[in-house]
Amino acid sequence: MSVEKFGPVRVGLLGIGTVGAGTFEVLSRNQAEITRRAGRRIEITRVADLDIARARALVGDSVRVDADARGLVADPSIDIVIELIGGYGVARELVMAAIENGKHVVTANKALLAVHGNEIFAAASRKGVMVAFEAAVAGGIPIIKALREGLTANRIEWIAGIINGTTNFILSEMRDKGLPFDAVLAQAQQLGYAEADPTFDIEGIDAGHKITILSSIAFGIPVRFDKAHIEGITGLESIDIRYAEQLGYRIKLLGVTRRRVHDGQVQGIELRVHPTLIPARRLIANVEGAMNAVWVKGDAVGHTMYYGKGAGSEPTASAVVADLVDISRMLTADPDNRVPHLAFQTESLVDVPILPIGETETAYYLRLRVADEPGVLADITRILADAGISIDAVLQREPAEGESQTDIILLTHRTIEKQVDGAIARIEALSTVLSRATRIRLEELN
Ligand code: HSE
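These numbers were taken from a predicted model, which means no experiment stands behind them.

1. Brief notes about the side chain of Glu 270
With respect to the helices and strands, Glu 270 occurs in strand β10 (residues 265-279). With relative accessibility at 1%, the residue Glu 270 sits in the buried group. In this structure the side chain of Glu 270 is engaged in a polar contact, spanning 2.7 Å, whose partner is the side chain of Arg 260. In this view, Glu 270 contacts Val 256, Thr 257, Arg 258, Arg 260, Leu 355, Glu 359, Thr 360 and Glu 361; residues no more than four positions away in its chain are not counted.

Quick look at the structure:
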């Protein structure tokens, strides 16, 4: 007996690079099972790509292939457009045109959604079409589905994610081999883990796009990439990875978003990406290499963690095809009764302010190069105490024979960032403190 209740869903693919090729392959290979799940066949019937010969070689003769992306998004025979071009330029124009033409859209483009998501979702709601983006965050990990549907009973308290594989690979190598950042980056580029221009990855921008999207879904707020605080890993020194290790911590590039509540009042949302010390005993601290993981704390469910490949042809295709199935199942549903793009009903989104980084509350790792003299530690701890900053741990490197300087490492309890910055300025003014302080944020994740 046929499981096909309706005719096939026809899909147009914009850009058949690594992920596009994976999507075509997974859809073809698993067609029978996917049809049993979706209740109808899902067929890529048209591909637009500048490299027509390569595209043709990948999809064969039964699919229309040309370089006419604008023609594809206007093609009346197409139900769903998959956008795998990337970037904010032509991709934005094509996605908006597809929506205006009444097409549903599947995209892996986190940059586009983090920067222009509000405009795109508003247009999609007006036209009654779906924009699905599971592949935009953490590749194959179904984190959008988990947050938007599986955890829908919860008030989400915070999310902390390793959501950039390139930087996690670099940090893992720096720790394992004790190598400096530049050497590991060059190696990552040779192995194909890092792009020729790795700026978006190593400066934390890619992770910033992803945590921005997760924050919106978690808290029911508009996408606010412009308000995110973003630091990458280019300034990270191997010595801090080693000291962190001695204190029982690992350093990861985390995307963090947290709803700050005080006396029952929501003060704002923290939205940030930066190198972070996390306890080595936490599961997420042991996510190594190019793998991704997202940790979500909900008030009802408690701690949950999602782990998997954050990039790559078929892992990302897994998410793209899941979105195709979701859309195919909901094509005939009343638009008002579909799962909302950002998990909350559009009219229920609340523009809770994103807190400036100075108002962030977290713990800190401080490394100070100091003269090895009596009273130095006392002066430093007095300044911290005067600022109301409580110390959790202190480590002092044993100076080598005849050495007159040493390193002092302090871990603080949670405190407001601007207070720490003020204290650091006073500490750096001490004549016994010999260089700028190194300050890295620390999250216990409990
Ligand atoms: N460049 C990303 C990463 C993969 O390194 O994780 C795509 O989002």
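2. Considerations on the site of the ligand
Taken together, the neighbourhood of the ligand is formed by Lys 110, Asn 164, Gly 165, Thr 166, Asp 201, Asp 206, Lys 210 and Ala 311. The side chain of Asp 201 places a nitrogen or oxygen atom 2.9 Å from a nitrogen atom of the ligand. Coverage of the ligand by the protein amounts to 80% of the 260 Å² it exposes when considered alone. Going through the elements one at a time, α8 (165-177) and α11 (205-219) are the ones with two or more residues in the shell around the ligand. Looking at the shell around the ligand residue by residue, the class counts come to one nonpolar, three polar and four charged.

3. Description of the pairing of strand β13 (residues 361-371)
Burial analysis of β13 places nine of its 11 residues in the buried class, which makes it a mostly covered element. Direction of pairing for β13 relative to strand β16 (residues 415-416): antiparallel, over a ladder of two bridges. By the bridge assignment, Thr 362 is partnered in β16 with Thr 415. Bridge count for β13 against strand β17 (residues 438-442) is five bridges, and the pairing is antiparallel. Note on β17: the bridge partner recorded for Tyr 364 is Arg 441. Summarising the sheet, β13 and strand β15 (residues 405-412) pair through seven bridges and their orientation is antiparallel. Of the residues in β15, the one forming a bridge with Leu 366 is Leu 410.

4. Concerning a nonpolar patch on the surface
On the surface, a nonpolar cluster with roughly 240 Å² of combined accessible area is contributed by Tyr 88, Val 115 and Phe 200. Within the fold, Tyr 88 resides in the loop between β4 (80-83) and α5 (90-100).

5. A few points about α11
Between its terminal C-alpha atoms α11 stretches 21 Å, which fits the 21 Å expected from 15 residues at 1.5 Å a residue. Counting buried residues along α11, 14 of its 15 residues qualify, which places the element largely inside the surrounding structure. Just downstream of α11 lies Gly 220, where phi reads positive at about 70°.

6. Digging into the side chain of Arg 338
Relative to the helices and strands, Arg 338 is located in the loop between α13 (313-330) and β13. Comment: no salt bridge for buried Arg 338; closest opposite-charge side chain is Asp 334, at 7.1 Å. If near-sequence neighbours (up to four positions away) are discounted, Arg 338 is found in contact with His 104, Gly 128, Val 129, Met 130, Met 330, Leu 331 and Ala 333.

7. Quick notes on the sheet that holds strand β5 (residues 104-107)
One open sheet accounts for six strands, arranged β3-β2-β1-β4-β5-β6; its pairing is parallel. Each end of this open sheet is capped by a strand with a single partner; those strands are β3 (64-66) and β6 (131-132). As paired elements, strand β2 (residues 42-48) and β3 share three bridges and run parallel to each other. Counterpart to Ala 48 in the pairing with β3 is Asp 66. Contacting β1 (9-14), β2, β4, β5 and β6, α13 runs over the sheet at an angle of about 160° to β5.

Conventions adopted
Residues numbered from 1 in each chain as written. Predicted model: local features only at pLDDT ≥ 70, side-chain atom pairs only at ≥ 80, totals over all residues. Heavy atoms only, no water. Helix = DSSP H or I, 4+ residues; strand = E, 2+ residues; numbered from the N terminus. Buried < 20%, exposed > 50% of the residue type's maximum accessible area, 1.4 Å probe, protein only. Polar contact = N/O pair within 3.5 Å; in protein donor to acceptor, adjacent residues only side chain to side chain. Contact = heavy atoms within 4.5 Å. Near = heavy atom within 4 Å. Areas by Shrake-Rupley, 256 points an atom, 1.4 Å probe, with all protein chains shown as cover. Nonpolar A, V, L, I, M, F, W, Y, C, P; charged D, E, K, R; others polar. Pairing = 2+ DSSP bridges. Patch = residues over 30% accessible without salt bridge, like charges linked within 9 Å, V, L, I, M, F, W, Y side chains within 5 Å. Salt bridge = Lys/Arg side-chain N within 4 Å of Asp/Glu carboxyl O. Expected span 1.5 Å × (residues − 1). Lys, Arg positive; Asp, Glu negative; His and termini not counted. Axes fitted to C-alpha atoms, helices over the stretch in contact; angles between N-to-C directions.

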